[in-house]
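# Secondary and tertiary structure notes
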Amino acid sequence: MLIETHAHLDYPDFAPDFDDLLRRATDAGVTRIITIGTSVESSRRAVELAEKHPNVFAVIGVHPTYVEESGEDVITPLRELAGNPRVVAIGETGLDYHSLPSLELAKERKTTQVFVKALQTSTEDQLEAEIHDGAYKSKQASLFEQQLDLAVEVGLNVVIHQRDAWEDTLEIMRPYTGKVRGVFHCFGGSLEQAQEVIDLDHLVSFTGIVTFKNGVSVREVAAKVPLWKFMVETDCPYLAPVPFRGRRCEPAHTRLVAESIASARGISLDEIAEATTETAEKFFRFNR
Ligand SMILES: [Zn+2]
């Protein structure tokens, strides 16, 4: 029995064979699937799926990279959705500095630097991009804090998305220690960073990256982190584990993630399944 703790079942990728996908998950021993919202609309669809399918549960939130598209007030609709008993946590929320305006500009410049005009205006552009970076970061921070506040208010834990923003993410979460717990999903940091998260009473979770040839460091962390401090997920439709790498990922592949971690730790799949299921049952509010 495994719990897939992070899927994006509302994405159009899954529409053509949705029922088959659920059956394949059950056949692989993945008995519960948590579908994660990335916008208000996506969260609404997640709740609809959870209401329709007894083994699907919803997490509702706005992803940091949707900060520009998200409306003025996302909390009112999220609060309303949070009242639904099929909602088991808030998220995914957090910080993502991977595509800051200045980095986008640098990329653009690389391809256009043959043009003299681009070079002449570069300093000015750079300065403007940095101002945009600051504004973009503070918008993400505000959206993150609002969702942490909501989580405290409704008594749910949070699913954290963190990319290239480690320090700022922990800084924002620090005052919430003891009030709300988070899972740092798709964990790709060091063992020290995992320990930092655990010391604050949060969790990590691992995706199919643990099966990748170049996933050595993540696999090592997954082998060493305490057995009761992590969960398994796929983040499907992304990150299909080996031997499906590059193809559409789906919840059934949670088993491959768990098998890979079991073998890295030198224990059985059953032991991983038992521990991660119990951890997920404590973290998510399945029976409200
Ligand atoms: Zn996700």
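In the block above lies the structure referred to throughout.
The notes below deal with the structure included here. (Residues numbered from 1 in each chain as written. Predicted model: local features only at pLDDT ≥ 70, side-chain atom pairs only at ≥ 80, totals over all residues. Heavy atoms only, no water.)

## Remarks on the coordination of the zinc ion
Coordination of the zinc ion by the protein comes from His6 (NE2), His8 (NE2), Glu92 (OE) and Asp235 (OD), over a distance range of 2.1 to 2.7 Å. One way to put it: the 4 donor atoms around the zinc ion meet at angles of 83 to 176°, and that makes the site irregular. Written as a sequence motif, the donor arrangement for the zinc ion is H-x1-H-x83-E-x142-D. With His6 in strand E1 (residues 2-7) and Glu92 in strand E4 (residues 87-96), this pair connects stretches of sequence that are 86 residues apart. Comparing His6 with Glu92, the two get one shared label, buried. (Donors = N, O, S within 2.8 Å, 3.2 Å for Na, K, Ca; no water. Tetrahedral: all angles 85-135°; square planar, octahedral: opposite > 155°, others 65-115°. Helix = DSSP H or I, 4+ residues; strand = E, 2+ residues; numbered from the N terminus. Buried < 20%, exposed > 50% of the residue type's maximum accessible area, 1.4 Å probe, protein only.)

## Side note on the packing of helix H2 (residues 40-52) against helix H3 (residues 75-82)
Two elements in contact, H2 and H3, have axes separated by 10 Å at closest approach and are oriented at 10°. Between H2 and H3, the angle is such that the two are roughly parallel. Residues Val40, Ser43, Arg44 and Val47 of H2 touch H3, and the partners they reach there are Pro77, Leu78 and Leu81. Of the residues belonging to the contact of H2 with H3, the class tally is 5 nonpolar, 1 polar and 1 charged. (Axes fitted to C-alpha atoms, helices over the stretch in contact; angles between N-to-C directions. Parallel < 35°, antiparallel > 145°, perpendicular 65-115°, else oblique. Contact = heavy atoms within 4.5 Å. Nonpolar A, V, L, I, M, F, W, Y, C, P; charged D, E, K, R; others polar.)

## Here we look at the environment of Leu200
With respect to the helices and strands, Leu200 occurs in the loop between helix H8 (191-199) and strand E7 (203-206). Remark: the alpha-carbon pair of Leu200 and Asn157, spanning 43 residues in sequence, is separated by 13 Å. Contacts of Leu200, omitting those with residues within four sequence positions, involve Leu170 and Thr177.

## Things to note about H2
Between its first and last C-alpha atoms H2 spans 19 Å; for 13 residues at 1.5 Å apiece the expected length is 18 Å, and the two agree. Within the sequence span of H2, burial applies to Val40, Ser42, Ser43, Ala46, Val47, Leu49 and Ala50. The secondary structure elements touched by the buried residues of H2 are helix H1 (18-27), strand E2 (30-36), strand E3 (56-60), H3 and E4. (Expected span 1.5 Å × (residues − 1).)

## As for the packing of helix H9 (residues 216-224) against helix H10 (residues 254-265)
For any two helices packed against each other, the geometry comes down to the angle between their axes and how far apart the axes lie. Running from N to C, H9 and H10 cross one another at 70°; their axes reach a closest spacing of 8 Å. Judged by the angle between their axes, H9 and H10 are roughly perpendicular. On the side of H9, the interface is formed by Arg219, Ala222, Ala223 and Lys224, while H10 contributes Ser260, Ile261, Ala264 and Arg265. Here the contact of H9 with H10 is built from residues that sort into 4 nonpolar, 1 polar and 3 charged.

## Structural notes on the nonpolar core
By size, the foremost hydrophobic cluster in this structure holds 73 residues, and its most contacted members are Leu9, Phe184, Phe206 and Ile261. Considering each element in turn, this core owes the most residues, 7 residues, to helix H6 (residues 122-154). Of all hydrophobic cores here, the second largest spans 15 residues; its members include Ile3, Val59, Ala89 and Phe283. (Core = buried A, V, L, I, M, F, W, Y, C linked by side-chain atoms within 4.5 Å.)

## A few points about the pairing of E1
E1 sits mainly inside the fold: 6 of its 6 residues count as buried. Relative to E2, E1 is paired through 4 bridges, and the arrangement is parallel. Looking across to E2, one finds that Ile3 is bridged to Arg32. (Pairing = 2+ DSSP bridges.)

Function cannot be read off these values alone, since they describe shape.
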